[in-house]
Amino acid sequence: TYGDWSSDVCSSDLVNHYEIKVTDNGSGMTKAQLGRINKIIHAHSIAENVGTSYSSGYGLGYIIITELIQMLDGTISVESEPEMGTSVTITLPLS
């Protein structure tokens, strides 16, 4: 826990893949902010100031992690609601 938010990490062993889900109850993201994150993940384009109102950046971390996950034949998805928090799910094959 840090400040007024906390995070949780869980993992599950599924039939042919492993899933890691990181969830926080921070400030969350608006649909526009989430759209920019998804654009980075799917198009590998850098967008300025994709963070929440308390942070900013270029999305380079998302590009790097997406490349690594794709190299392992995995997937990444991000879900978020303002004032509710954010969940990032990474799925990797076991084979």
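Residues numbered from 1 in each chain as written. Predicted model: local features only at pLDDT ≥ 70, side-chain atom pairs only at ≥ 80, totals over all residues. Heavy atoms only, no water.

S.K.: Tell me what's going on with the overall build of the protein, and back it up with residues and numbers.
M.R.: The number of helices and strands found in the protein is two helices and four strands. Overall, the protein shows an N-to-C arrangement of helices and strands of β-β-α-α-β-β. Across the 95 residues that make up the protein, the buried fraction comes to 27%. For the protein, restricting intrachain contacts to residue pairs at least 6 apart in sequence, the fraction spanning at least 24 positions comes to 44%. For the protein, the exposed surface amounts to about 6400 Å²; the carbon and sulfur share of it is 56%. (Helix = DSSP H or I, 4+ residues; strand = E, 2+ residues; numbered from the N terminus. Buried < 20%, exposed > 50% of the residue type's maximum accessible area, 1.4 Å probe, protein only. Contact = heavy atoms within 4.5 Å. Areas by Shrake-Rupley, 256 points an atom, 1.4 Å probe, with all protein chains shown as cover.)

S.K.: Help me get a handle on the environment of Thr-86, residues and values and all.
M.R.: Along the chain, Thr-86 turns up in strand β4 (residues 85–93). Taking C-alpha positions, Thr-86 is 7.1 Å from Gly-26, a pair spaced 60 residues apart along the chain. The residues touching Thr-86, leaving out its near neighbours within four places in the chain, are Val-22, Thr-23, Asp-24, Gly-28, Met-29, Val-78, Glu-79 and Ser-80. Side chain to side chain, Thr-86 and Ser-80 meet in a polar contact 2.8 Å long. (Polar contact = N/O pair within 3.5 Å; in protein donor to acceptor, adjacent residues only side chain to side chain.)

S.K.: Explain a nonpolar patch on the surface to me, and be specific about the residues and the numbers.
M.R.: Judged by side-chain polarity, Leu-60, Ile-64, Ile-65, Leu-68, Met-71 and Leu-72 come together as a nonpolar surface patch covering roughly 590 Å² of accessible area. With respect to the helices and strands, the residue Leu-68 is situated in helix α2 (residues 60–71). (Patch = residues over 30% accessible without salt bridge, like charges linked within 9 Å, V, L, I, M, F, W, Y side chains within 5 Å. Salt bridge = Lys/Arg side-chain N within 4 Å of Asp/Glu carboxyl O.)

S.K.: Explain the pairing of β4 to me, using residue names and the numbers behind them.
M.R.: The buried fraction of β4 is high, at seven of nine residues. When strand β2 (residues 17–24) meets β4, the two strands line up antiparallel, connected through eight bridges. Note on β4: the bridge partner recorded for Ile-20 is Ile-90. Between strand β3 (residues 75–81) and β4, which pair antiparallel one after the other, the connecting turn spans three residues, and Glu-83 there sits at a positive phi close to 65 degrees. (Pairing = 2+ DSSP bridges.)

S.K.: Pulling in residues and values, what's your account of α2?
M.R.: Between its first and last C-alpha, α2 extends 17 Å over 12 residues, near the 16 Å set by a 1.5 Å rise per residue. One or two residues past the end of α2 sits Asp-73, with phi positive at roughly 60 degrees. (Expected span 1.5 Å × (residues − 1).)

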